[in-house]
Every structure is written in C-alpha cells, then in structure tokens.
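Each chain, letter by letter, is given below.
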Amino acid sequence: MVNQKEAAMNEINDVCCSSDNERKSHHSDKMKGSLISRLNRIEGQIRGVKAMIERDTYCDDVLNQIAAIQSALNGVGKLLLEGHMKSCVVERIQAGENEVIDELLITVNKLMK
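Residues numbered from 1 in each chain as written. Predicted model: local features only at pLDDT ≥ 70, side-chain atom pairs only at ≥ 80, totals over all residues. Heavy atoms only, no water.

## Comments concerning the confidence of the model for the chain
Overall, the predicted model of the chain reaches an average pLDDT of 85, with 81% of residues at or above 70. Note that pLDDT drops below 50 for residues 8-15; the model gives that stretch 21 contacts with residues more than four away or on any other chain. (pLDDT = per-residue confidence, 0-100. Contact = heavy atoms within 4.5 Å.)

Now the structure itself:
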C-alpha cells in the first residue's frame, strides 16, 4: 500500500487553488482515478456491512468491517491532506495568505475527531 500512496502523491503536482480566488482542486487524472477507486472500494464495503446487518451477522464481525471502512476512509483523507499541504497551503503561505494555517488547523481537528 505504501507504493500505491507514493504513486498517488507523485501525481499531486497540480495546484489546489486557482489564481482567480476560486477555491478548487486540480488533481491529475491519475490521482482522481486513484481516489475514486479507493472510494468505490469503501462504498462496496459499506454495502457489505449493510448486508451483514440485514443477515443478522455477529456484531463483532460487523464492527471489524466498520473499523476497516474507517481506516480506508482515513487513508483517503490523509492522501488529500498531504497533497493539500504540499501544494495549496505552501502556495498560499508564499503569497502571504497566512490565514490558511488557521483553516488547515480547523480541518485537521475535524479529521482527527
């Protein structure tokens, strides 16, 4: 999985923030594909948990699947956060927009809940 992460991070060369103050992500097609693939897998896992509950599967088994889903979703968040910090945040600090640090801290706190 480290190789997958490294490959995805190599694709974050585009800037997250456009110059016309419209906040928008600009990920490469490869990066988008990687994120969408991960999210599709997570979506399938969620459908699997729903089916487990419908079949009255043992609670511990369901909880373990939920933990796996949370871990996978955290992986997507970490990948996006890393790219955001390496591009948008750096660029905005270089442009003198230091308020991005407060914005980042709020976002990190939300991710850590």
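Moving on from the model shown.
## Examining the pattern of salt bridges
Applying the stated rule across the entire model yields five salt bridges. The partner of Glu-97 in a salt bridge is Arg-92, with the nearest N and O atoms 2.9 Å apart. For Glu-97, a relative accessible area of 28% puts it in the partly exposed group. Judged by its relative accessible area of 11%, Arg-92 is buried. Note that Arg-92 is salt-bridged to Glu-103, the shortest N-O span being 3.3 Å. Here the residue Arg-92 occupies a position in helix H3 (residues 59-94), and Glu-103 occupies one in helix H4 (residues 99-111), the gap between them amounting to 11 residues. Owing to a relative accessible area of 22%, Glu-103 belongs among the partly exposed residues under this scheme. (Salt bridge = Lys/Arg side-chain N within 4 Å of Asp/Glu carboxyl O. Buried < 20%, exposed > 50% of the residue type's maximum accessible area, 1.4 Å probe, protein only. Helix = DSSP H or I, 4+ residues; strand = E, 2+ residues; numbered from the N terminus.)

## A short note on the side chain of Ser-87
Looking at where Ser-87 falls in the secondary structure, it is placed in helix H3. Take Ser-87: its relative accessible area is 9%, and that puts it in the buried class. In this structure the side chain of Ser-87 is engaged in a polar contact, spanning 2.7 Å, whose partner is the backbone oxygen of Gly-83. (Polar contact = N/O pair within 3.5 Å; in protein donor to acceptor, adjacent residues only side chain to side chain.)

## Considerations on the nonpolar core
Side chains that are nonpolar tend, in soluble globular proteins, to be buried together. If you look at the biggest cluster of nonpolar residues, it comprises nine residues: Met-31, Leu-35, Ile-42, Val-49, Met-52, Val-62, Ile-69, Val-76 and Leu-79. Breaking this core down by element, the ones donating at least two residues are helix H2 (29-54) and H3. By residue number, the principal contributor to this core is H2, which donates five residues. Ignoring any residue separated from it by four or fewer positions in sequence, one finds Val-62 in contact with Val-49, Met-52, Ile-53 and Thr-57. (Core = buried A, V, L, I, M, F, W, Y, C linked by side-chain atoms within 4.5 Å.)

## A short note on the environment of Gln-65
Along the chain, Gln-65 falls in helix H3. Every residue in contact with Gln-65, bar those within four places of it in the chain, is listed here: Val-49 and Met-52.

## What to know about a nonpolar patch on the surface
Nonpolar side chains collect at one region of the surface, where Ile-93, Ile-101 and Leu-105 lie side by side and expose about 240 Å² of accessible area between them. Given the relative accessible area of 39%, Ile-101 is considered partly exposed. (Patch = residues over 30% accessible without salt bridge, like charges linked within 9 Å, V, L, I, M, F, W, Y side chains within 5 Å. Areas by Shrake-Rupley, 256 points an atom, 1.4 Å probe, with all protein chains shown as cover.)

## Some remarks on the packing of H3 against H4
Direction vectors running N to C along H3 and H4 enclose 165 degrees, while the axes themselves pass 9 Å from each other. Here H3 lies roughly antiparallel to H4, going by the angle between them. Between H3 and H4 lies a crossing of right-handed hand. Every residue of H4 that contacts H3 at Leu-81, His-84, Met-85, Val-89, Arg-92 and Ile-93 is listed here: Glu-99, Val-100, Ile-101, Glu-103, Leu-104, Val-108 and Leu-111. For the contact of H3 with H4, the per-class residue count stands at nine nonpolar, one polar and three charged. (Axes fitted to C-alpha atoms, helices over the stretch in contact; angles between N-to-C directions. Parallel < 35°, antiparallel > 145°, perpendicular 65-115°, else oblique. Left-handed = near helix turned anticlockwise from the far one by under 90°. Nonpolar A, V, L, I, M, F, W, Y, C, P; charged D, E, K, R; others polar.)

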